[in-house]
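# Overview (structure and organization)
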Amino acid sequence: CRLAGFHGNERRGRWGPVGPRPPLAAMFADRTVPGAEVASLWRSSRSALCQPKSCQTGKISTTEAAVQLHTSQDASVQTDQSKDAVQDFQQEVQVDYTSLLSFLQRVEDAVIKELNKNWKSHAFDGFEVNWVDQNETVLCLHTLSYPEAQGQNLQVTSLSWNATGSVVACSYGRLDGEDRSTEKSYICTWNLDRRGLNPQRPDLVVDVPSSVMCVAFHPSQPALIAGGLFSGELVVWDTSRTEDPVVWRTGMTGDTHTDPVYQVDWLPDAKRRNHHRLLSVSTDGKILVWREERDGRLALAEGFAVVAQQVPHRTQLKKLAWGEVAVGVTSLSFSHFDPRVFVVGVEGGYPLKCSTAAETPALHRTGSSVSLRAPVELAFSPHGGPVYSVSCSPFHRQVLNLFLSCGTDGQVHLHSLLQTQPLLSLQLSQKYLFCVRWSPVRPLVFAAASGEGNECSCLTGDVHLFDFERSSQKPALSIKQAGGDHPVYCLEFNTKQTQLLAAGDAAGTVRVWQLSSDFTEQGPREMNQLEQLASEITD
Amino acid sequence: AEVEETLKRIQAHKGVIATMVVNAEGIPIRTTLDNSTTVQYAGLLHQLTMKARSTVRDIDPQNDLTFLRIRSKKHEIMIAPDKEYLLIVVQNPCE
């Protein structure tokens with residue numbers, strides 16, 4: 001017999017009886033059987049079948065007490081403002097000219113009327129508002145010194161305030177002209193805004209192997225400070241570094257100054273914004289501009305040499321000089337109006353007007369890697385002795401380009417950059433004047449530091465504050481250095497905290513004075529008074 | 001062109017230091033100063049003008065701001081407000 005459906009589900013056309021039906025056909029019928037289930041043995045599904053019966057821990061009650069979130073306020077931003085940030089807005093904004101025109105036509109008359117009324121009005125004459133408590137007196141806030149330097153009889157040769165106005169740095173050295181190139185000296189900084197300021201302990205002391213003659217803080221980076229040494233070198237220190245703070249130095253190369261560097265300054269770089277280059281001035285007659293190389297060296301970028309033969313006519317310097325005599329430059333100040341024009345003071349007693357745009361090469365004997373140019377354009381009438389300090393007025397206007405010069409004849413000359421004769425000649429004292437500075441806030445105020453040289457027996461030093469508004473003949477205030485009379489060699493106004501004036505003297509102390517309000521608040525018409533003063537005198 | 005003429009006339013007036021036009025959002029449209037100073041003036045004075053206007057209207061809802069003058073030690077700032085624009089003129093009134 002044949003077995004039908006051997007493989008199951010085999011279909012045939014008809015199910016006809018084919019021979020005797022096999023009794024096992026029912027075994028291969030289609031049927032669905034429910035799948036077999038096996039209960040999961042995993043714990044989680046088992047626990048899903050569980051029910052909480054009771055709990056052993058007591059119920060914990062909670063309430064909200066406080067939240068840790070606090071309100072915040074913007075205090076300051078760390079990013080620097082870059083000058084390129086502001087785009088040219090005129091291209092971005094869509095302006096509807098017709099509506100703009102109709103607006104302007106509507107308001108023009110009203111505005112012109114108000115402008116006219118304002119011009120003629122005397123309503124506010126003599127009206128002044130006191131926003132700040134008036135400070136009546138001049139106080140000595142701090143007397144800072146470094147005892148170790150004082151023990152070595154070192155003098156304060158130069159001062160500088162940093163970019164934020166809270167740190168004052170001073171350089172210790174000696175200004176008496178003897179060879180101090182190997183005598184150790186210091187640069188000390190004090191942070192006046194710190195609590196727990198100890199006037200006898202500077203926050204930072206940098207040991208320098210040679211006498212430091214001048215220091216200058218970087219105008220925007222608060223930790224960089226540059227110093228000029230007796231040996232003619234320049235060094236830049238970074239006060240934020242804990243180990244060796246020296247960042248750059250010129251070293252002793254063929255380009256370095258051969259005489260002490262008397263003034264060092266940071267110049268804004270014309271080519272790269274927000275970048276500054278170092279400028280140094282020395283009695284070897286050279287004014288050098290340095291750029292920073294990557295290996296920590298300062299390389300000469302450009303330079304000027306002041307040579308007696310190239311100083312314009314009518315000066316005594318030529319008569320005394322044979323050959324190419326360098327003119328010893330003691331100080332320098334840039335004009336705030338024209339960044340290419342600067343004034344230098346020389347040992348011969350002449351303030352000289354110079355320009356960085358000068359092209360003529362200097363007749364300088366010693367070779368240097370960059371050719372030096374002769375910058376002098378005009379020689380002003382001289383002082384009776386070497387000029388130790390010049391200062392250009394920071395309040396500039398188109399015509400007004402005033403600067404001050406002071407020298408060992410005890411006189412301060414007020415010059416305009418346009419003429420050789422001084423506008424005003426003030427005999428401040430019989431003593432040598434070592435430093436003169438314009439006030440950064442009041443156009444009519446300047447300060448001068450005086451003190452006798454070593455020859456005379458009396459050595460009192462004063463800081464004189466002059467105010468042209470009060471008197472053009474004598475100082476408004478002479479601050480005697482209390483306790484010990486020593487010549488004051490340097491002084492600097494604090495441009496950020498404008499009531500502070502620091503003065504350093506030969507005893508190695510730096511005194512920080514707080515000026516009274518009348519020296520720090522600008523009156524409403526001061527600029528005009530200054531212009532008037534200048535024009536009165538020229539007439 | 002007429003816009004420039006009008007602004008030139010105002011700028012040429014005695015003692016005027018700066019002139020600028022600012023739109024309703026505080027964005028400067030015309031100015032005689034440099035970019036960064038203008039943006040500073042525009043932002044600050046726009047806010048001040050809005051505050052001044054709301055002050056006037058809060059005190060008396062029928063009133064509205066017509067002119068704003070700020071006198072300082074060094075100069076006077078005059079602001080002529082409008083729905084869409086603000087004209088700011090800075091004058092030094094010293095003779």
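Keep in mind that this is a model prediction, so the values were computed, not measured.

The secondary structure content of chain A amounts to six helices and 29 strands. When burial is assessed residue by residue, chain A has 46% of its 539 residues classed as buried. Long-range pairs, those at least 24 residues apart, make up 52% of the contacts in chain A with a sequence separation of at least 6. Summed over all atoms, the accessible surface of chain A reaches about 30,400 Å², with 51% contributed by carbon and sulfur.

The next thing to look at is the interface of chain B and chain A. Taken together, the 40 residues of chain B in the interface contact 32 residues of chain A. A combined buried area of about 3,500 Å² lies between chain B and chain A, and 64% of that area is made up of carbon and sulfur atoms. The tally of links between chain B and chain A comes to three salt bridges. Taking the shortest distance from any N to any O, the salt bridge between Arg9(B) and Glu108(A) comes out at 2.7 Å. Seen at the junction of chain B and chain A, the total is 11 residue pairs in polar contact (both at pLDDT 80 or more). Among the elements of the structure, helix H1 (2-11), strand S1 (16-23), strand S2 (28-31), helix H2 (35-59), strand S3 (68-71), strand S4 (76-81) and strand S5 (85-91) of chain B are those that each provide at least two residues to the side of chain B that touches chain A. With six residues, the top contributor of residues to the side of chain B that touches chain A is H1(B).

Here we take up H1(B). Where H1(B) is concerned, the buried positions are Val3(B), Thr6(B), Leu7(B) and Ile10(B). Taken down its axis, H1(B) places every buried residue within 95 degrees of arc, on the same side. Lining the buried residues of H1(B) we find helix H2 (97-120) of chain A together with S1, S2 and S5 of chain B.

Paired through backbone hydrogen bonds, the strands of a sheet run either parallel or antiparallel to each other. All names here are of chain A. The antiparallel open sheet is built from four strands, whose spatial order is S6-S7-S8-S9. Taken across any chain shown, the strands that pair with only one partner, and hence form the sheet edges, are strand S6 (212-217) and strand S9 (246-249). For this sheet, the mean angle separating the axes of adjacent strands, direction not counted, is 25 degrees. One ladder, built from five bridges, connects strand S7 (residues 224-229) with strand S8 (residues 234-238); its direction is antiparallel. Counted as the bridge partner of Gly227 is Val235 from S8.

Residues Phe124(A), Phe127(A), Val129(A), Trp131(A) and Val132(A) make up a contiguous nonpolar surface patch of about 600 Å² in total accessible area. Tracing the sequence through the fold places Val129(A) in the loop between H2 and strand S1 (139-145).

This part is about the nonpolar core. Residue and element names in this part refer to chain A. Membership of the largest hydrophobic core comes to 22 residues, with the highest contact counts inside it found for Val412, Leu414, Phe446 and Phe468. The element contributing the most residues to this core is helix H6 (residues 526-538), with four residues. With sequence-adjacent residues up to four places away left out, Val412 is seen in contact with Leu404, Ser405, Cys406, Leu424, Ser425, Leu426, Leu428, Leu433, Val436 and Phe446.

Conventions and cut-offs
The residue count restarts for each chain, going from 1 along the sequence in the order it is written. Labels are handed out in written order, letters beginning with A for the chains and numbers beginning with 1 for the ligands. For a predicted model such as this one, the threshold for reporting local features is a pLDDT of at least 70, and the threshold for listing and counting side-chain atom pairs is 80 or more; totals across whole chains, interfaces and linings nevertheless cover every residue. Just so you know, side-chain values use all the structure's heavy atoms and leave hydrogens and water out. Numbering of helices and strands runs from the N terminus, with a helix taken as a DSSP run of H or I at least four residues long and a strand as a DSSP run of E at least two residues long. A 1.4 Å probe rolled over the protein chains alone gives each residue an accessible area, and that area as a share of the maximum for its type sets the label: buried under 20%, exposed over 50%, partly exposed in between. Any two residues whose heavy atoms approach within 4.5 Å are treated as being in contact. Using the Shrake-Rupley algorithm and a 1.4 Å probe, accessible areas are obtained, with residue cover drawn only from the displayed protein chains. Computed with a 1.4 Å rolling probe, the buried area is the accessible surface lost when two parts are put together, summed over both parts. The salt bridge definition used is simple: a Lys or Arg side-chain nitrogen within 4 Å of an Asp or Glu carboxyl oxygen. Think of a polar contact as two N or O atoms within 3.5 Å of one another; within protein, one of them needs to be a possible hydrogen donor and the other a possible acceptor, and neighboring residues in sequence only count if both atoms come from side chains. Here the arc refers to the directions that run from the helix axis out to each C-beta atom. Two strands pair under a simple rule: DSSP has to find at least two bridges between them. A fitted line through C-alpha atoms represents every axis, and for helices the fit uses only the stretch in contact; the resulting angles, taken between N-to-C directions, go from 0 to 180 degrees. Each patch is built from residues lacking any salt bridge and having more than 30% relative accessible area; the joining distance is 9 Å for like charges and 5 Å for nonpolar side chains (Val, Leu, Ile, Met, Phe, Trp, Tyr). Definition of nonpolar core: a set of buried residues of the types Ala, Val, Leu, Ile, Met, Phe, Trp, Tyr and Cys, connected through side-chain atoms within 4.5 Å.

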